[in-house]
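Read off the chains here:
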Amino acid sequence: MNSLSLKQPWASWVADGQKTIETRKYKTNCRGELLICSSLKPVFPGLPCGQALAVVNLVDCRPMTKADEKMSMCEIYPDAWSWMLTNIRKIRPFEVKGHLGFYGVDYRINIGDVLQTIWACRKCGCTDKQACEGGCHWVESDLCSRCWAED
Ligand SMILES: [Zn+2]
Ligand SMILES: [Zn+2]
């Protein structure tokens, strides 16, 4: 499984389903399951560092918009790409050793390791806990009524 390292507290925010959009200065054509890991450094008191925390589905990658600031939990910056994450499965954390690249961590998700699952809209990143302004509901498992209406 491919992996993605994030600094804390962002890694834990993804695992908890509060942050459903990851932003990077580059785009990716990669899709599918990603293991979300927290980087070893910098150490963030009270949060796990150097651990795998969640398995997510990377479903889209597109230029970041101002509207993405809420679900990415960061301000828009030049050349930012939004990596849209959904089916966020928080797992029992385990240590990941060595330097983590993007490719190839030997891990298979076990249903018993999943602590919680959060679905996010593939277009806007909204969730059950953080709906779109004015409210929205699910039209598909990963598409909200707001985004569905815009199509
Ligand atoms: Zn949406
Ligand atoms: Zn929505």
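The shown structure was predicted, so the numbers you read here are calculated from the model rather than taken from an experiment.

Asker: Tell me what's going on with the overall build of the protein chain, and back it up with residues and numbers.
Answerer: Of the regular secondary structure elements, the protein chain holds three helices and eight strands. Mapped in sequence order, the helices and strands of the protein chain form the string β-α-β-β-β-α-β-β-β-β-α. Taken against the 2.2 N^0.38 rule, which gives 15 Å for 151 residues, the C-alpha radius of gyration of the protein chain at 15 Å falls within 12% of a compact globule. Principal-axis analysis of the C-alpha atoms places the extent of the protein chain at approximately 45 × 40 × 30 Å. Taking all 151 residues of the protein chain together, 31% fall into the buried category. Here the analysis covers contacts within the protein chain between residues at least 6 apart in sequence; of these, 67% occur between residues at least 24 apart.

Asker: Any chance you could break down unusual backbone geometry for me, citing the residues and the numbers?
Answerer: Along the chain, Gln8 connects to Pro9 via a cis peptide bond; the corresponding omega equals 10°. By the element assignment, Pro9 lies in the loop between strand S1 (2–6) and helix H1 (10–15). In the segment running from Lys41 into Pro42, the intervening peptide bond is cis, with an omega of 0°. In this structure, Pro42 sits in the loop between strand S3 (32–38) and strand S4 (51–63). Positive phi, normally seen in glycine, also occurs at Met73, with a value near 55°.

Asker: Report on the environment of Val59, specifying residues and quantitative values.
Answerer: By the secondary structure assignment, Val59 is in strand S4. Distance in space between the C-alpha atoms of Val59 and Met71 is 15 Å, their sequence separation being 12 residues. Those residues in contact with Val59, other than ones at most four positions away along the chain, are Arg31, Met84, Thr86, Arg122 and Asp142.

Asker: Outline the nonpolar core, listing residues and values.
Answerer: Among the nonpolar cores identified, the biggest contains 29 residues, and Val14, Ile36, Leu53, Ala54, Val56 and Leu85 are the most heavily contacted of them. For this core, the secondary structure elements donating two or more residues are H1, S3, S4 and strand S5 (81–95). In this structure Leu85 touches Val14, Thr20, Ile21, Glu22, Val56, Asn57, Leu58 and Ala120, once residues within four positions along its chain are discounted.

About the criteria used
- Residues numbered from 1 in each chain as written.
- Chains lettered and ligands numbered in written order.
- Predicted model: local features only at pLDDT ≥ 70, side-chain atom pairs only at ≥ 80, totals over all residues.
- Helix = DSSP H or I, 4+ residues; strand = E, 2+ residues; numbered from the N terminus.
- Rg over C-alpha atoms; globule rule 2.2 N^0.38 Å.
- Buried ≥ 20, exposed ≤ 12 C-beta atoms within 10 Å, placed from the backbone.
- Contact = placed C-beta atoms within 7 Å.
- Core = buried A, V, L, I, M, F, W, Y, C linked by C-beta atoms within 7 Å.

So, to be careful, I would describe these as geometric facts and stop short of saying anything about function.
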